2 protein chains.
Amino acid sequence: MQQSILKNMACASCPIKHRAVCSRCDADELALLESIKTYKSFSANDQILWRGEELHYVASVVEGVATLGKSLEDGRTQMVGLLLPSDFIGHPGRTHIEFDVVAASDVTLCCFEREPFRKLINDVPHLAQRMVEIALDELDAARDWMVLLGRKTAGEKIATFIEMVTRRQHLDRADGQQTDLVLPLLRSEIANYLGLTLETVSRQLTILKSESVLEFVDKRHFRILDMARLHDATGDDADGGILA
Amino acid sequence: MQQSILKNMACASCPIKHRAVCSRCDADELALLESIKTYKSFSANDQILWRGEELHYVASVVEGVATLGKSLEDGRTQMVGLLLPSDFIGHPGRTHIEFDVVAASDVTLCCFEREPFRKLINDVPHLAQRMVEIALDELDAARDWMVLLGRKTAGEKIATFIEMVTRRQHLDRADGQQTDLVLPLLRSEIANYLGLTLETVSRQLTILKSESVLEFVDKRHFRILDMARLHDATGDDADGGILA
DNA sequence: CGTGGTATTGATCCCGATCAATCAGGGTGG
DNA sequence: CCACCCTGATTGATCGGGATCAATACCACG
């Protein structure tokens, strides 16, 4: 794991301060958090945490994309979460991590020592409140993904994934400007996320291209040509995704 | 929905007081909770909440089994949670529920008015702490289930389900006494939980019987004959389930 | 150029879905 | 008591979507 520790950035200039676990905290509370925080950065494909490893830190993703996965005895793997900026990693009350965490791109984390962080949750209501929200939001997202994994066809899975990527990238840029969208994952990683094989992912993307729902400028960059037909292909009902 | 409101039971004699959302609260804090709590009971097959419905209450399951599910436009459904005594229902910060909640047996809920409960989370650290734990535990469980839905074979899914039912029923009886175990769900509901059809569930159970891994005394009651072979059939590695 | 990692496309296979028939148990009413 | 039906479970026959195995294309490196 090639990990480097950065000089601490001030919370005031943090790019995720509005959505991260600390977003409700006032200046005094932030000061408490700053005393137990460290930035760590990882290169693409670094393993950030191994399943079963002792957990000294919990963290927020500041920049980059990481994946949360689990594997069966014989090597089959399933991704169970895609960690984007402001997402939270770890379980303050657990001494060991249950999942593998891997950097899908270069990643910067804001890490808090686990044990002091656990105590802060008890003492700082603003932290506990936000933590509850984050955990419950993640839980709803995980449950939506269970519907996808258990019941959707390959075509619906891909359409749902593309729609999700599109939505999250639109949220990020406040100006709503239309630029090319980027797939944050390789075909094999998308397959892993969707419970498919990479061949099936490739075939389904080809179908969406041939139906002029989207087009690729290269392997990783694409544009949506027909948002309505994309949504129809997800299998969700009209307002299902928007409420989520 | 045939729902009846019971006279309030005292928290002191509550069967789930050690694991429910209130388990960390002291007497004063319980008094606050009691002022916003009501018991409601439902008969088997009652719909407790409809997806999209306005959410006036959050609740703990006191007795019985409920299911949490979601369905796609064309009627396919996927169960995304099995709610057993002490499990929590609802999202204090959301005005609407995302899922269908159905009573799988006769069910008693301990309901808290949502808005006052949300405020209590901010004021009562013991409540927020426990809420964080419950949400994160549920999240881990949901992620384990994603592995099952995405990657396990039908045989592994059934074995995992049986193992889970067995474990949870052993936890309940502290004496560890060996009596017949009971399937909390119909074949069709098991199928819905596992992302299978009821025919496949039936066939896989027949296989486990023919291999003398378990035996049925009637359609709902069974005994494990070979716990080790059952676990081997789950596809999990040796200690995966025990840590969880 | 060649080489290694990634993606596409093709051919075939198999697990689980689907369609369908039968069975088992348990009320209910004659 | 039996005939009837109703719901849930089992078992059988067939089908098809996606996995698997395999070949080829692409492209950024040296």
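The rules behind these values
- Residues numbered from 1 in each chain as written.
- Chains lettered and ligands numbered in written order.
- Predicted model: local features only at pLDDT ≥ 70, side-chain atom pairs only at ≥ 80, totals over all residues.
- Heavy atoms only, no water.
- Least-squares fit on C-alpha atoms with pLDDT ≥ 70 in both.
- Buried < 20%, exposed > 50% of the residue type's maximum accessible area, 1.4 Å probe, protein only.
- Helix = DSSP H or I, 4+ residues; strand = E, 2+ residues; numbered from the N terminus.
- Pairing = 2+ DSSP bridges.
- Domains from an automatic or database assignment.
- Contact = heavy atoms within 4.5 Å.
- Buried area = accessible area lost by both parts, 1.4 Å probe.
- Salt bridge = Lys/Arg side-chain N within 4 Å of Asp/Glu carboxyl O.
- Polar contact = N/O pair within 3.5 Å; in protein donor to acceptor, adjacent residues only side chain to side chain.
- Nonpolar A, V, L, I, M, F, W, Y, C, P; charged D, E, K, R; others polar.
- Axes fitted to C-alpha atoms, helices over the stretch in contact; angles between N-to-C directions.
- Expected span 1.5 Å × (residues − 1).
- Arc of directions from axis to C-beta.
- Near = heavy atom within 4 Å.
- Phe/Tyr/Trp six-rings, centres within 6.5 Å; stacked < 30°, edge-to-face > 60°.
- Lys NZ or Arg CZ within 6 Å of the ring centre and 35° of its normal.

An unreviewed UniProt entry lists chain A under the name Transcriptional regulator FnrL, with Yoonia rhodophyticola given as the organism.

Aligned on chain B, chain A shows an RMSD of 0.0 Å; the corresponding rotation is 180 degrees and the shift along the axis is 0.0 Å. In symmetry terms, the pair is related by a two-fold rotation axis.

Residue and element names in this part refer to chain B. Residues of strand E12 (residues 221–224) alternate between two faces, with Phe222 and Ile224 buried on one and His221 and Arg223 left unburied on the opposite face. Relative to E12, strand E10 (residues 181–182) runs antiparallel, the two sharing 2 bridges. The residue bridging valine 182 from the neighbouring strand is histidine 221, located in E12. As paired elements, strand E11 (residues 214–216) and E12 share 3 bridges and run antiparallel to each other. Following the sheet pairing, phenylalanine 216 is matched in E12 by phenylalanine 222. What sits between E11 and E12 in their antiparallel hairpin is a turn of 4 residues.

Once that is clear, we can look at the domain arrangement of chain A. All names here are of chain A. Here chain A is described as being made up of domain 1 (3–142) and domain 2 (152–243). Measuring from the centre of the C-alpha atoms in domain 1 to the corresponding centre in domain 2 gives 26 Å. Each side of the interface is counted separately: domain 1 has 11 residues, and domain 2 has 10 residues. Here domain 1 packs against domain 2, burying approximately 920 Å² in sum over the two surfaces, 54% of which is carbon and sulfur. For the interface between domain 1 and domain 2, the tally reads 1 salt bridge. The closest approach of N and O atoms between arginine 168 and aspartate 87, which form a salt bridge, is 3.7 Å. Between domain 1 and domain 2 we count 4 residue pairs in polar contact (both at pLDDT 80 or more) in total. Counting residues per element, the side of domain 1 that touches domain 2 draws most heavily on strand E6 (residues 77–83), which supplies 5 residues. Taken together, the residues of the side of domain 1 that touches domain 2 break down into 5 nonpolar, 4 polar and 2 charged.

With that settled, the discussion passes to the sheet that holds strand E3 (residues 47–49) of chain A. Read from one edge to the other, the open sheet built from 4 strands follows the order E3-E8-E5-E6 (chain A), with strand pairing classed as antiparallel. Of all strands in the sheet, those bounded by a partner on one side alone are E3 and E6 of chain A. Going from strand to strand, the sheet's axes swing by 35 degrees on average, the running direction of each strand aside. Contacting strand E5 (66–71) and E6 of chain A, helix H3 (residues 125–151) of chain B crosses the sheet at an angle of about 130 degrees to E6(A).

Turning our attention to helix H6 (residues 198–210) of chain B. Residues and elements named next belong to chain B. Its 13 residues give H6 an end-to-end C-alpha distance of 18 Å, which sits within 8% of 18 Å, the value for a rise of 1.5 Å per residue. Every buried residue of H6 is accounted for by Val201, Gln204, Leu205 and Leu208. One face of H6 carries all of its buried residues, which in axial projection span an arc of 100 degrees. Structural note: H6 exposes Arg203 and Ser210 on the side pointing more than 90 degrees away from its buried face.

A word on the protein's contact with DNA strand C. Looking at DNA strand C, there are 17 residues lining it, with Arg187(A), Ser202(A), Arg203(A), Ala154(B) and Thr200(B) nearest. Thr200(B) is positioned such that a nitrogen or oxygen atom in its side chain is 2.5 Å from a phosphate oxygen of DNA strand C. In the model, a base oxygen of DNA strand C is placed 3.0 Å from a nitrogen or oxygen of the Arg203(B) side chain. Those elements that provide at least two residues to the surface near DNA strand C are helix H6 (198–210) of chain A together with H6 of chain B. Of the residues contributing to the surface near DNA strand C, the split by class is 4 nonpolar, 6 polar and 7 charged.

Time to look at the packing of aromatic side chains. Scanning all chains against the criterion turns up 10 aromatic pairs over all chains. Ring geometry for Trp145(B) and Tyr193(B): centres 4.4 Å apart, planes at 20 degrees, overall stacked. With Trp145(B) in helix H3 and Tyr193(B) in helix H5 (residues 187–194), the pair connects residues that are 48 residues apart, well separated along the chain. Judged by its relative accessible area of 8%, Trp145(B) falls in the buried class. The exposure class assigned to Tyr193(B) is buried, which follows from its relative accessible area of 6%. An aromatic cluster is defined as three or more aromatic residues linked by ring pairs; in this entry it consists of Phe88(A), Phe112(A) and Phe117(A). Stacked on the ring of Phe99(B), the Lys or Arg Arg143(A) has its end atom at 5.9 Å from the ring centre. Directly above the ring of Tyr57(B) sits Lys40(B), whose terminal nitrogen or CZ lies 3.5 Å from the centroid.

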